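Structural characterization, general
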Amino acid sequence: MNYYSLNHKAPNTTFKDAVIKGLAPDKGLYFPESITPLPKSFFDNIDDLSYSEIAFQAIKQFVSPEIPEEVLKTIVEETLAFDFPVVQLNDHISTLELFHGPTMAFKDVGARFMARCLGYFNQNNTNEVTVLVATSGDTGGAVANGFLGVKGVNVVILYPSGKVSDIQEKQLTTLGQNIKALEVDGVFDDCQDMVKRAFLDDSLTSKMQLTSANSINVARWLPQLFYFMFAYKQLHKTHKEIVFSVPSGNFGNVCAGMMAQQLGLPIKHFIASNNENNVVTKYLQTEEYNPKASVQTISNAMDVGNPSNFIRIQEIYKNNFESLKDNLSSYSFTDAATKEAMLEIYNNYNYVADPHGAVGYLGCKSYLQENPDAHCVFLETAHPTKFLDVVEEVIPQKQELPKQIQAVMHKEKEATKISTYQDLKDFLLQ
């Protein structure tokens, strides 16, 4: 499989080079040259397949021939070393739990897959690769855990000071070894802008090999299509049309779901559930795409004012607005509405949702008002205890910390404070 830049000003390249470079030389996101649907028999017989077999068949075309099939099978097995249960709340709404991995966030899948791909590509390479990543919350911890100890790979994580939860901060600042954390005086968009500027800086890239572990990297983004297939396996016998409500920040998740649909997965529709960072919600209302500065909310991993992956979504639909709108709805919700939803889910279903999942739940409710026969699945993208201050303010129940969280709570934070791009550049060059 070859990949092309969505800026269309760079040569096509292999999966290996796309992973190592992260961005194309013209600074465009990479996109696969072709998408070959899986045979109908694959979905008809999905009950007979394990999660690893499903994932292997789904991802194989995108990584061949650079990763041999036996190696890919091992990578997939190691990536999926935890469960992805669907929990039904009522006849029309379920949640897909994506928080059973080591850092209790959906990004564990993409981070573990990418780390293993990059480790394979770098196994005989004497040159080190620096993974540079901006995080609004969960990406940092997942990447730190996924890449910990990977040979020849250094990881530098930028996160906005005071705008991630205490647990999220612990997960990305306490591992040591090849993981370094930079605490940025600013918001997530400032972190992301610094990362993008570093990739554009020839005086930096001429001295070191940089790549990204945000969902702009194809190896981080594409494996997120797996869990839409896992949910389908668990739900298809309901014989209802399946709709996914995806809490959306940088739009990598919903874009990956659309890739699963392109592979033939029978999904009826997608919902991009936004907090008050609602660029895409407004775009679908007006056909005008106007990025803006991000707004801080209680669902902080979605505090993105200019989602990187939306250009990939437009590419899937050949930049046809009506075609996209037929397959994607979007709603925006306030913090107050999010808290009300968390309490409603708890009172009605005895289920504790994190703020991001609650936004997804609200997306389900909005969609079902006009489409009452669908079965709507919202993604529970992180364990609620990762947002303990918000959850325990809303839910009248003390939350027990899972062992993954307990393991980092008493560790000492290690982070370097920076304010400017020059600070980042100086750190990298040192």
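Labelled according to an unreviewed UniProt entry, the protein appears under the name Threonine synthase, originating from Lacinutrix gracilariae. Recorded in UniProt for the protein, the comment headed Catalytic activity (unreviewed entry) runs: "O-phospho-L-homoserine + H2O = L-threonine + phosphate". Under Pathway (unreviewed entry), UniProt gives the following word-for-word description of the protein: "Amino-acid biosynthesis; L-threonine biosynthesis; L-threonine from L-aspartate: step 5/5."

Quick look at the overall build of the protein now. Summing up its helical and strand segments, the protein has 20 helices and 14 strands in all. Relative to the globule expectation of 22 Å for 430 residues, the C-alpha radius of gyration of the protein, 20 Å, shows essentially globular dimensions. Within the span of the protein, comprising 430 residues, buried residues form 62% of the whole. Relative to all contacts within the protein whose residues are 6 or more apart in sequence, the contacts with residues 24 or more apart total 76%.

Our focus in this paragraph is the environment of Lys 386. Considering the arrangement of structural elements, one finds Lys 386 in the loop between β13 (375–380) and α18 (388–394). Lys 386 gets classed as buried once you look at its relative accessible area, which sits at 1%. Between the alpha carbons of Lys 386 and Val 143 there is a distance of 16 Å; along the sequence they are 243 residues apart. Not counting residues within four places of it along the chain, the set of residues in contact with Lys 386 comprises Thr 103, Met 104, Ala 105, Asp 138, Ser 165, Ile 167, Gln 168, Gln 171 and Ile 405. Within the structure, Lys 386 has its side chain in polar contact with the backbone oxygen of Thr 103 (distance 2.8 Å).

Remark: helix α4 (residues 69–79) packs on helix α5 (residues 107–121), axes separated minimally by 9 Å, with the N-to-C direction vectors making an angle of 145°. Note on packing geometry: the crossing formed by α4 with α5 is right-handed. Here Val 71, Leu 72, Ile 75, Val 76, Glu 78 and Thr 79 of α4 lie close against α5, whose contacting residues are Val 109, Arg 112, Phe 113, Arg 116, Cys 117 and Tyr 120.

Rolled over the atoms, a probe as big as a water molecule pinpoints where empty space is left. There is about 310 Å³ of room inside the largest pocket. Taken together, 17 residues form the lining of the largest pocket, with Val 164, Ser 165, Asp 166, Phe 387 and Asp 389 sitting closest to its centre.

Attention shifts here to helix α17 (residues 355–370). End to end, α17 covers 24 Å across 16 residues, agreeing with the expected 22 Å (1.5 Å per residue, within 8%). With 13 of 16 residues buried, α17 lies mostly within the body of the structure.

So, about the pattern of salt bridges. If you walk through the whole model with that rule in mind, you get 12 salt bridges. Of the charged contacts in the structure, one is a salt bridge between Lys 60 and Glu 69, with a shortest N-O distance of 4.0 Å. Owing to a relative accessible area of 40%, Glu 69 belongs among the partly exposed residues under this scheme. Ionic pairing is found between Lys 413 and Glu 183, a salt bridge with its closest N-O pair at 3.0 Å. Remark: Glu 183 occurs in strand β8 (residues 179–184) and Lys 413 occurs in the loop between α19 (403–409) and β14 (416–418); sequence separation between them is 230 residues. For Glu 183, a relative accessible area of 6% gives the class buried. Linked through salt bridges whose partners overlap, the residues forming this network are Glu 169, Glu 183 and Lys 413.

Okay, the environment of Ala 341 next. If you trace the backbone, Ala 341 turns up in helix α16 (residues 335–349). For the pair Ala 341 and Gln 209, spaced 132 residues apart in the sequence, the C-alpha separation amounts to 45 Å. In this view, Ala 341 contacts Ala 358, Tyr 361 and Leu 362; residues no more than four positions away in its chain are not counted.

Our next topic: the sheet that holds strand β4 (residues 86–88). Ordered in space as β4-β5-β13-β10-β11-β12, the 6 strands form an open sheet in which the pairing is mixed. Taken across any chain shown, the strands that pair with only one partner, and hence form the sheet edges, are β4 and β12 (328–332). Across the sheet, the mean angle separating the axes of adjacent strands is 25° when strand polarity is ignored. Pairing of β4 with strand β5 (residues 93–97), which is carried by 3 bridges, proceeds in the antiparallel orientation. Its bridge partner lying in β5, Val 87 is registered against Thr 95.

Now for the packing of aromatic side chains. Evaluation of the coordinates by the stated rule reveals 25 aromatic pairs. Ring geometry for Phe 113 against Phe 226: centres 6.2 Å apart, planes inclined by 85°, an arrangement best described as edge-to-face. In this pair, Phe 113 is assigned in helix α5 and Phe 226 in helix α11 (residues 226–235), connecting sequence segments 113 residues apart. An aromatic cluster of three or more residues is present, and its members are Tyr 51, Phe 82, Phe 84, Phe 113, Phe 226, Tyr 227, Phe 228, Phe 230, Phe 244 and Phe 270. Here Lys 73 stacks its cationic end above the ring of Phe 56, 5.2 Å away from the centre of that ring. Taking the ring centre of Trp 221 as reference, the NZ or CZ of Arg 312 above it sits at 4.2 Å.

Definitions and cut-offs
- Residues numbered from 1 in each chain as written.
- Predicted model: local features only at pLDDT ≥ 70, side-chain atom pairs only at ≥ 80, totals over all residues.
- Heavy atoms only, no water.
- UniProt positions renumbered as here; feature names shortened; annotations may be inferred.
- Helix = DSSP H or I, 4+ residues; strand = E, 2+ residues; numbered from the N terminus.
- Rg over C-alpha atoms; globule rule 2.2 N^0.38 Å.
- Buried < 20%, exposed > 50% of the residue type's maximum accessible area, 1.4 Å probe, protein only.
- Contact = heavy atoms within 4.5 Å.
- Polar contact = N/O pair within 3.5 Å; in protein donor to acceptor, adjacent residues only side chain to side chain.
- Axes fitted to C-alpha atoms, helices over the stretch in contact; angles between N-to-C directions.
- Left-handed = near helix turned anticlockwise from the far one by under 90°.
- 1 Å grid on protein atoms, 1.4 Å probe; cavity = no way out; pocket = protein on both sides within 12 Å on 5 of 7 lines; lining within 4 Å.
- Points joined across faces, edges and corners; volume = space filled by probe spheres on them.
- Expected span 1.5 Å × (residues − 1).
- Salt bridge = Lys/Arg side-chain N within 4 Å of Asp/Glu carboxyl O.
- Pairing = 2+ DSSP bridges.
- Phe/Tyr/Trp six-rings, centres within 6.5 Å; stacked < 30°, edge-to-face > 60°.
- Lys NZ or Arg CZ within 6 Å of the ring centre and 35° of its normal.

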